[in-house]
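Descriptive analysis of the structure
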Amino acid sequence: MSFILALDQGTTSSRAIIFGHDGAVEAVAQKEFAQIFPQPGWVEHDPGEIWSTQAAVAAEVLARAGLAAADIAAIGIANQRETTVVWDRATGTPICNAIVWQDRRTAGLCDSLKTRGLESRFAEKTGLVVDAYFSGTKIAWILENVPGARARANAGRLAFGTVDSWLIWKLSGGAVHVTDPTNASRTLLYDIHEGRWDEELLELLGVPPSMLPEVGPSSGVLAETAGGLFARAIPVAGIAGDQQAALFGQRCVSPGMVKNTYGTGCFMLMHTGREPIRSRSKLVTTPVCPGASEHEFALEGSVFVAGAVVQWLRDGLGIIRSADEIEALARSVTDNGGVYFVPAFAGLGSPHWDPYARGAIMGLTRGTAAGHLARAALEGIAYQTADVLCAMESDSGLRLTELRVDGGATRNDTLMQFQADVLGVPVVRPRIQETTALGAAYLAGLGVGFWKSPAELDSQWQAERVFEPAMDRSRAADLLDGWRRAVERAKQWAQSG
């Protein structure tokens, strides 16, 4: 058993990656799945398709690597976090589509909780802001709006899970209903200080405790695969929400170390050590995968739309045929031509938390070309990251010395260089860029003794390229000022009432 199988279940695709003992990638398989938009601001996935694509790529990656189940020591799972699945315990059938983390349908419920003065109560216990991003209000919406759901939940017939729980339920043949602290902490229902589901918060959101999974460790054997999936039972020995998995895979395990993942959204985490820091800047405090001690924390800033803006340029606007074309188009012009693109398609995340903001393109003139839009889209990703970092440094009192990056958009050298320019610090791209899946693999491998200690993992991390800042700081400040003016004009656009 010389390999680890990582299942990386993301927002737009399911992936499976096999890693060797040296942390190198042996094989990759990936399948996209449908994004469902029933109404403006609503985003859904079919849980059955999440499972079918994930099962398919798991089988495919073994075949690509020429391996059998007997070669796999353990399975690790990294997953899109706040996306909410509710299913029938007896049949295993979801009662509705999964409500995706990007979905804004519960913004009104969040407003109601704030009006009742409950925001600080949630923040004290969970480290989160009250926002439609998180799972708790999504569960409440399902119970109130899916016919019969409330009665079935009260009778103990329904199970809730984030995507990790759903996958483990399916992998185990319905035998195990479990999650880990990194996912539980994203629900608005979990006390990160006590390390347990909180009765008061459950009552405030009307969620029966019987729906909830057990909270197990991020690293350790949690389940085994059921018969019929693989030729033998394989232990599932690692779980982490995708961003905490990436932090672990990037080996950002000491206070002050920061990573940013550029996927559908952008997610920056700063390791802050053993004591949770209460944010004053609308960041969230979140548990991370344990390293030196059992309980460790990070500050996190979440940008809702990053790589998704490139998908929109491809699928919505049609100015590129594939995502890879955006870099060449952006480099066809020397600068942004005064154009700023605020991609608030699903509101703004950290540090603004404005569910009513909407996408806006500012500064258009008759001279604006497709290249300017492409460049402005890439720059908008970097500006959002700069906003988060500014808040993070303010909250923590720590100054960034380098930013470790991962995710699909890091292959775009133009974006990475611009990111270094606006931040004024080196941006470091690792040799192994599949860091989300690698983090899940590391957790699973540690859980079964495949790797003996975290120190063994530290020696595997290597930089592939370092992007040094080259822009004059006054120029960077001017660009950021233009960005912030554009953001102010995009805020509150869809304000209800």
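As a reminder, the structure under discussion sits directly above these lines.
Residues numbered from 1 in each chain as written. Predicted model: local features only at pLDDT ≥ 70, side-chain atom pairs only at ≥ 80, totals over all residues. Heavy atoms only, no water.

**Some remarks on the overall build of the protein**
Secondary structure assignment for the protein yields 16 helices and 23 strands. Computed over the C-alpha atoms, the radius of gyration of the protein is 22 Å, within 12% of the 23 Å expected from 2.2 N^0.38 for a compact globule of 497 residues. Referenced to the eigenvectors of the C-alpha coordinate spread, the extents of the protein come out at roughly 60 × 55 × 45 Å. Among the 497 residues that make up the protein, the fraction classed as buried is 60%. Per element, the accessible surface of the protein, about 17,900 Å² overall, is 50% carbon and sulfur. Charge centroids of the protein, computed over 44 positive and 55 negative side chains, lie 3 Å from each other. (Helix = DSSP H or I, 4+ residues; strand = E, 2+ residues; numbered from the N terminus. Rg over C-alpha atoms; globule rule 2.2 N^0.38 Å. Buried < 20%, exposed > 50% of the residue type's maximum accessible area, 1.4 Å probe, protein only. Areas by Shrake-Rupley, 256 points an atom, 1.4 Å probe, with all protein chains shown as cover. Lys, Arg positive; Asp, Glu negative; His and termini not counted. Charge placed at Lys NZ, Arg CZ, Asp CG, Glu CD.)

**Quick notes on the packing of helix α1 (residues 47-65) against helix α6 (residues 163-171)**
For the pair α1 and α6, the least separation of the axes is 11 Å and the interaxial angle reads 65°. Seen from above, α1 lies across α6 with right-handed handedness. In contact with P47, I50, W51 and Q54 of α1, α6 contributes V163, W166, L167, K170 and L171. Of the residues assigned to the contact of α1 with α6, the class counts are seven nonpolar, one polar and one charged. (Axes fitted to C-alpha atoms, helices over the stretch in contact; angles between N-to-C directions. Left-handed = near helix turned anticlockwise from the far one by under 90°. Contact = heavy atoms within 4.5 Å. Nonpolar A, V, L, I, M, F, W, Y, C, P; charged D, E, K, R; others polar.)

**Some thoughts on the sheet that holds strand β23 (residues 463-467)**
If you walk across this open sheet you meet the seven strands as β17-β18-β16-β15-β21-β22-β23, and the pairing is mixed. Strands at the two margins of the open sheet, each flanked by one partner only, are β17 (284-288) and β23. Strand after strand, the sheet turns through a mean of 30° between neighbouring axes, direction not considered. With five bridges connecting them, strand β15 (residues 258-262) and strand β16 (residues 266-273) associate as antiparallel partners. Following the sheet pairing, N260 is matched in β16 by M268. (Pairing = 2+ DSSP bridges.)

**Details of the environment of M268**
Along the chain, the position of M268 falls in strand β16. Among residues more than four places away in sequence, those in contact with M268 are V258, K259, N260, L299, E300, G301, T385, V388, L389, M392 and L403.

**Description of the pattern of salt bridges**
Oppositely charged side chains can form a pair if their charged atoms are brought close together. All chains considered together, the criterion is met by 29 salt bridges. The salt bridge involving R429 is made with E464; its shortest N-O contact spans 2.7 Å. A residue pair is termed long-range when its members are at least 10 positions apart, and R429 in strand β22 (residues 427-430) and E464 in strand β23 qualify at 35 residues. Residue class for R429 comes out buried when judged on its relative accessible area of 6%. On the accessibility criterion, E464 (42% relative accessible area) is partly exposed. Salt bridges linked by common partners bring R121, E124, K125, R196, D198 and E200 together as one network. (Salt bridge = Lys/Arg side-chain N within 4 Å of Asp/Glu carboxyl O.)

**A short note on the packing of helix α10 (residues 307-317) against helix α12 (residues 370-396)**
In the contact formed by α10 and α12, the axes pass within 8 Å of each other and the chain directions differ by 155°. Relative to α12, α10 is oriented roughly antiparallel. Between α10 and α12, the contacting residues are G307, V309, L313 and L317 on the first element and L373, A374, A377 and I381 on the second. Its residues placed into classes, the contact of α10 with α12 shows seven nonpolar, one polar and no charged. (Parallel < 35°, antiparallel > 145°, perpendicular 65-115°, else oblique.)

**Let's talk about the sheet that holds strand β1 (residues 3-9)**
Pairing within the open sheet is mixed, and its six strands lie in the order β3-β2-β1-β5-β14-β13. The strands lining the two open edges of the sheet, one partner per strand, are β3 (25-32) and β13 (219-224). Averaged over neighbouring strand pairs, the angle between their axes works out to 25° when direction is ignored. Both strand β2 (residues 13-19) and β3 contribute to a ladder of seven bridges, which runs antiparallel. Paired with A16 across the bridge in β3 is A29. The sheet contacts of α6 involve β1, β5 (72-79), β13 and β14 (235-241), and relative to β5 the element is tilted by about 145°.

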